[in-house]
Amino acid sequence: ERGEYRHYMQKEIFEQPRAVADTLEGRIGQHGVLPNIFGIDADPVLDRTKQIHIVACGTSYHAGMVAKYWIEELARLPVVVEVASEYRYRDVVVPEDTLFVAVSQSGETADTLAAMRESRRRGYLATFAICNVPESSVVRESDLRLMTRAGPEIGVASTKAFTTQLAAFALLALDLGRRRGLDHTRYLKLCKELQSLPRFIESALRIEPQIEELAEHFILKHNALFLGRGVQYPVALEGSLKLKEISYIHAEAYPAGELKHGPLALVDEDMPIVAVAPNGPLLDKLKSNLQEVRARGGELFVFADEHAEMDDTIEQGVMVRLESGGEFISPAVFTIPLQLLSYHVAVMRGTDVDQPRNLAKSVTVE
Ligand code: M6R
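Since this is a predicted model, take the numbers as computed values, not measurements.

The next thing to look at is the side chain of serine 119. Looking at the element boundaries, serine 119 is found in helix α6 (residues 110–120). Within the structure, serine 119 has its side chain in polar contact with the backbone oxygen of methionine 116 (distance 2.6 Å). Residues within four places of serine 119 in sequence aside, it is in contact with Tyr87, Phe100, Tyr124 and Thr127.

Given below as structure tokens:
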């Protein structure tokens, strides 16, 4: 079933262009996001929504964090994202007309499901699920839903589930944006950009040989730091989770601006720093963060797009260039090299890639 691939994880990484295309199929067209894709009852709910609470665990939580940047920018709706294990036991304030969104690959994660059930008692406008398994509890118990179409994900490390969740959230963010006065020309441009996502994922996958070489630098490391800014910060979090999970290297992610508030003390020649740095308004800020790291001898691995200008100090590190496809879809595109990196580091370290120790694919107990 793995075919030409050595592990399910690798196969699933390479399935992403198809999985994302399937998730977008029949849901977005030339004139934008198609009607009724969130269910026939969705219109009045989405028109009324004034706030959003997104609840999930692990990788699905990171997808929710990306969505916060998107929805707040495009629809100007306040979004709160929280891990389900905290949300369920907290006395959450739910303003009027708040939409509850649960995100889960399996739809059976105990904390996410319990959070969703708890949300029923908390007076939300409605419950919305983004999920990969149609017959799962999360889907059955939600009012509105948008299914990801990743197909079965076998590897414990979530890959195609994440990028398809991003595709689903992008549809939601665009649809909410359109309802709430997003400039129409910009809306159409972003819709087009989203439709090109499978193609840019495809092109990111082509740099695998380069990533494999780069992975060798990590084999003997005990720690790694992942940096991103803005919408790339959750991407850095997801990259660090992947590395921890399957290669057992301790990794942490920080929004790069936080470096000097503590983690910079950890930086020395033994600390690889992975930076997600596509072009964008925060690039200059990130660059000065990276110079601070260089000045302390930290080994830099920078993922940038073809337009991002770097300077000599940064170029002394390892630079990987890829086409971002545009600022909107770039979080999904820049996730790909980080998945490949953790995969190849794990293979070189000889860990059990598809079944990492101590972890289960679906965490159905608390
Ligand atoms: O099935 P779910 O999306 O609800 O699972 C949530 C997490 O358990 C899951 O994403 C986990 O963090 C992955 N193993 C990460 O690769």
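Chain-level statistics for the protein chain give a pLDDT mean of 95 and a share of 100% at 70 or above. Predicted complex, confidence summary: ipTM 0.99, pTM 0.97.

If you walk across this open sheet you meet the five strands as β9-β8-β10-β11-β12, and the pairing is parallel. At either margin of the open sheet sits one strand with a lone partner, and together these are β9 (250–255) and β12 (318–322). Going across the sheet, the axis of each strand differs from the next one's by a mean of 15°, ignoring polarity. With six bridges joining them, strand β8 (residues 223–228) and β9 adopt parallel strand pairing. By the bridge assignment for β9, asparagine 223 is matched with histidine 250.

Residues in close proximity to the ligand total 14 residues, the closest being Ser60, Ser104, Gln105, Thr109 and Glu245. Between an oxygen atom of the ligand and a side-chain N or O atom of threonine 109, the distance comes to 2.5 Å. Between the ligand and valine 156 there is a distance of 3.0 Å, counted from a nitrogen atom to a backbone nitrogen or oxygen. Among the secondary structure elements, those contributing two or more residues to the shell around the ligand are α4 (58–75) and α12 (232–247). The class makeup of the residues in the shell around the ligand is four nonpolar, eight polar and two charged.

This brings us to the nonpolar core. With 92 residues, the main nonpolar core has Ile71, Phe169, Leu174 and Leu194 as its most contacted residues. The contact partners of leucine 174, leaving out residues within four places of it in the chain, are Ile28, Val33, Leu74, Tyr187, Leu190, Cys191, Leu194 and Phe328. Counting residues in hydrophobic clusters, the runner-up holds 21 residues, among them Leu264, Leu283, Ala304 and Ala308.

What counts, and where the lines are drawn
Residues numbered from 1 in each chain as written. Predicted model: local features only at pLDDT ≥ 70, side-chain atom pairs only at ≥ 80, totals over all residues. Heavy atoms only, no water. Helix = DSSP H or I, 4+ residues; strand = E, 2+ residues; numbered from the N terminus. Polar contact = N/O pair within 3.5 Å; in protein donor to acceptor, adjacent residues only side chain to side chain. Contact = heavy atoms within 4.5 Å. pLDDT = per-residue confidence, 0-100. Pairing = 2+ DSSP bridges. Axes fitted to C-alpha atoms, helices over the stretch in contact; angles between N-to-C directions. Near = heavy atom within 4 Å. Nonpolar A, V, L, I, M, F, W, Y, C, P; charged D, E, K, R; others polar. Core = buried A, V, L, I, M, F, W, Y, C linked by side-chain atoms within 4.5 Å. Buried < 20%, exposed > 50% of the residue type's maximum accessible area, 1.4 Å probe, protein only.

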